[in-house]
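# Geometric and topological summary
Given next are the chains, with one letter for each unit.
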Amino acid sequence: MEGWFATDADAISLQCWDQEVLLPGGHGLMVRGYRPVINTLAKGLDIRLGHRVVEIVRHWNRVEVTVSNGKTFVADAAVITVPLGVLKSNTIKFEPRLPEWKEEAIRELSVGVENKIVLHFSEVFWPNVEFLGVVSSTTYGCSYFLNLHKATGHAVLVYMPAGRLACDIEKMSDEAAAQFAFSQLKKILPNAAEPLNYLVSHWGSDENTLGSYTFDGVGKPRDLYEKLRIPVDNLFFAGEATSVQYTGTVHGAFSTGEMAAEECRMRVLEKFRELDMLEMCHPMAEQTATVSVPLLISRL
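Read on for an overview of the structure. In this text the structure is predicted, and so the values were computed from the model without any measurement. (Residues numbered from 1 in each chain as written. Predicted model: local features only at pLDDT ≥ 70, side-chain atom pairs only at ≥ 80, totals over all residues. Heavy atoms only, no water.)

A word on the nonpolar core. Ile56, Phe94, Leu98, Leu228 and Leu235 are the most contacted members of the largest nonpolar core, which totals 21 residues. Broken down by secondary-structure element, the contributors of at least two residues to this core are strand S3 (63-67), strand S5 (78-80), helix H3 (84-89), helix H4 (100-108), helix H8 (223-229) and strand S14 (235-237). When neighbours within four sequence positions are excluded, Leu98 is seen to be in contact with Arg58, Glu103, Ile106, Val232, Leu235 and Phe237. Counting residues in each nonpolar core, the second largest holds 20 residues, with Phe121, Trp126, Ala155 and Ala192 among its members. (Core = buried A, V, L, I, M, F, W, Y, C linked by side-chain atoms within 4.5 Å. Buried < 20%, exposed > 50% of the residue type's maximum accessible area, 1.4 Å probe, protein only. Helix = DSSP H or I, 4+ residues; strand = E, 2+ residues; numbered from the N terminus. Contact = heavy atoms within 4.5 Å.)

In structure tokens, the structure reads:
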């Protein structure tokens, strides 16, 4: 439970446990990560890296987005997809303030932390299974290792701590975190060899994320996800935290992004009253373009 929801067991709503929808097809792993998807979708777009948003001002006819270097971008509308943890931190100022119902959704939705400590070994010494679970006498110590060798052929295990344990590990140095992960592995496999190198994530403390993904908090209503998704004037919201069915997933983020983009497009077209003219000028606009993405997926 903790690994799946990125939080401690006592923080998860049992009432909402079975309300999420799982996609068919079995469990798979993106061997090359999501970079092929991102690179394909980013083709032809004007993307500005290193621009941290600090203020969003909405007017009846435009949106002004100011970034940390003082530069301001002006548009007819905006789609906001920053992580829920960032919205919760109030590091982005909205002017005027968002409605109370929107602020309530941001405030009441729960964000969990699940980190990854990647351990690279010289050879494989573990069984050919998908997961190696760490059983503990308390929920605090429960975690697991993901076996990447099964999918990639590389001698790599990924330690996945969640909840308070993940937050406490983030307070360690990367070296200490890797040593802790290795100590957990030795509880399962006492003869485990020392890792050659390691890589540690910090999703909870990274100022660009401030958490991993959303989960159902105890006593919180399910309509908070929909409240977070509903547009405010010419501001449109998307991301995994706005997905009712696929909370905490990439496909939830992707589908809500498509929905927000379409709502934003219709808003702009309605504003200029040029829908018919644009359709005449661009007869292919309503057809769905096929995108070829070079994916390599391993069924674990």
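Here the focus is the sheet that holds strand S2 (residues 53-58). If you trace the 4 strands from one edge of the open sheet to the other, you get S4-S3-S2-S6, paired in mixed fashion. Since the sheet does not close on itself, it has two edges, and those belong to strand S4 (72-75) and strand S6 (93-95), each with one partner. Each strand axis lies, on average, 15° off the axis of its neighbour in the sheet, ignoring direction. Inspection of the sheet shows S3 paired to S4 by 4 bridges, in the antiparallel sense. Among the inter-strand pairings, Glu64 is bridged to a residue of S4, identified as Val74. (Pairing = 2+ DSSP bridges. Axes fitted to C-alpha atoms, helices over the stretch in contact; angles between N-to-C directions.)

Turning our eyes to something else, we now look at the pattern of salt bridges. In total, this model carries 15 salt bridges according to the counting rule given. The residue Lys171 makes a salt bridge to Asp168 at a minimum N-O spacing of 3.5 Å. Look at Asp168 and you get partly exposed, because its relative accessible area is 29%. The salt bridge involving Glu262 is made with Arg265; its shortest N-O contact spans 3.0 Å. In this pair, Glu262 and Arg265 both sit in helix H9 (residues 250-272), 3 residues apart, roughly one turn of the helix. Residue classification places Glu262 among the partly exposed positions, given a relative accessible area of 36%. (Salt bridge = Lys/Arg side-chain N within 4 Å of Asp/Glu carboxyl O.)

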